[in-house]
Amino acid sequence: MKIYELIKQIIDLVGEFVIGRTDKEIHIKSFANWLSKRMDETVSAEKYEITGHSLEAEIAAYIGRMSRYSNVYIKSALVDLPFTTDMDFAFTAILHRSGPVGKTDLIRKMAYDKSSGMEVIKRLLKNELIEQFPNPDDKRGKLLRLTEKGEENVIKAYSEASKAAKMVSGCLSKSEQMALLSTLKKLDEFHLPIYLDEEKDLTTIIEKYSS
């Protein structure tokens, strides 16, 4: 059974850990620290199968792949609904949750490229899933909101999109999902101010935001 294989691995690791250590150095906390460091060294020694040259590049590559997998699942889930792309649904979902917002604010809520975001908005307007109306607080501006058709279809899409979301989490346990969510939130908190800053020069970004 796999549990006995795991126990054997732990026993072997404990044996490796105690070699050359005194009784005072052998306790659960020091073993946990040693094991964590050893696992980090094992990971760093692995071959980077996608990029072949660095841990950071490999992480970026896998995040990109996950985005593409997610897009495939979402498109499949929404195939019978009037959303041309996954971002069409994402924009309407934001409007459904937050209510009327301006074009720029909507795009920023999605942390999306401005020109691509404007194309999504144009498409949603053309398909009559959203509509624009004068901003009561700013006569020069306009706000976006869902139409009746848009609200009806975004509600239909939620149940289908949840199936796609479940697929994205794949084989992860609940605890692994929570750990991943925590890591992704931490990355988002780092990257969002950079996105909002709208600085395009990568060298400047690195100088400003690298700690």
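Structural notes, computed from the coordinates.

About the cut-offs
- Residues numbered from 1 in each chain as written.
- Predicted model: local features only at pLDDT ≥ 70, side-chain atom pairs only at ≥ 80, totals over all residues.
- Heavy atoms only, no water.
- Patch = residues over 30% accessible without salt bridge, like charges linked within 9 Å, V, L, I, M, F, W, Y side chains within 5 Å.
- Areas by Shrake-Rupley, 256 points an atom, 1.4 Å probe, with all protein chains shown as cover.
- Salt bridge = Lys/Arg side-chain N within 4 Å of Asp/Glu carboxyl O.
- Helix = DSSP H or I, 4+ residues; strand = E, 2+ residues; numbered from the N terminus.
- Buried < 20%, exposed > 50% of the residue type's maximum accessible area, 1.4 Å probe, protein only.
- Pairing = 2+ DSSP bridges.
- Expected span 1.5 Å × (residues − 1).
- Contact = heavy atoms within 4.5 Å.
- Phe/Tyr/Trp six-rings, centres within 6.5 Å; stacked < 30°, edge-to-face > 60°.

**Describing a nonpolar patch on the surface**
Part 1 of the reasoning: On the surface, a nonpolar cluster with roughly 560 Å² of combined accessible area is contributed by L55, I59, I63, L172, L180, L184 and L187.
Part 2 of the reasoning: Among the elements of the structure, α3 (55-77) and α8 (174-197) are those that each provide at least two residues to the nonpolar patch.
Part 3 of the reasoning: Among the structural elements, L187 can be located in helix α8.
Part 4 of the reasoning: For L187, a relative accessible area of 35% puts it in the partly exposed group.

**Let's talk about the pairing of strand β2 (residues 138-146)**
Part 1 of the reasoning: Note: strand β1 (residues 130-135) against β2, six bridges, orientation antiparallel. Bridge pairing links I130 to L146 in β2.
Part 2 of the reasoning: The hairpin formed by β1 and β2 contains two residues between the paired strands.

**Quick notes on α3**
Part 1 of the reasoning: Relative to the 33 Å expected for 23 residues at 1.5 Å per residue, α3 spans 33 Å between its end C-alpha atoms, a close match to the ideal helical length.
Part 2 of the reasoning: For α3, the set of buried residues is A57, E58, A61, I74 and A77.
Part 3 of the reasoning: In this structure, the buried residues of α3 make contact with α4 (86-98) and α7 (148-169).

**Examining the pattern of salt bridges**
Part 1 of the reasoning: In this structure the tally under the stated criterion is eight salt bridges.
Part 2 of the reasoning: K208 is the partner of D197 in a salt bridge, and the nearest nitrogen-oxygen pair spans 3.0 Å. Of this pair, D197 sits in helix α8 while K208 sits in helix α9 (residues 202-209), placing them 11 residues apart in sequence.
Part 3 of the reasoning: Judged by relative accessible area, which is 54%, K208 ranks as exposed.

**A closer look at unusual backbone geometry**
Part 1 of the reasoning: Of note in this structure, A111 is not a glycine but carries a positive phi near 50 degrees.
Part 2 of the reasoning: Among the structural elements, A111 can be located in the loop between α5 (103-109) and α6 (114-126).
Part 3 of the reasoning: Of note in this structure, E198 is not a glycine but carries a positive phi near 60 degrees.
Part 4 of the reasoning: Along the chain, E198 falls in the loop between α8 and α9.
Part 5 of the reasoning: Among the residues examined, E198 registers a relative accessible area of 48% and is labelled partly exposed.

**Re the packing of aromatic side chains**
Part 1 of the reasoning: Applying the stated criterion across every chain yields a total of three aromatic pairs.
Part 2 of the reasoning: Between F83 and F89, the aromatic rings sit 5.8 Å apart at their centres with planes inclined by 70 degrees, giving edge-to-face as the arrangement. By the burial criterion, F83 is buried, and F89 matches it.
Part 3 of the reasoning: Ring centres of F89 and Y158 lie 6.1 Å apart, and the angle between their planes is 75 degrees; on these two criteria the pair is classed as edge-to-face. Of this pair, F89 sits in helix α4 while Y158 sits in helix α7, and the two are 69 residues apart along the sequence.
Part 4 of the reasoning: Relative accessible area serves as the criterion here: at 10%, F89 is assigned to the buried category.
Part 5 of the reasoning: For Y158, a relative accessible area of 32% translates into the label partly exposed.
Part 6 of the reasoning: Taken together, the aromatic side chains of F83, F89 and Y158 make up a single cluster linked through ring pairs.

From the geometry alone we can't say anything about function, so treat these as descriptive.
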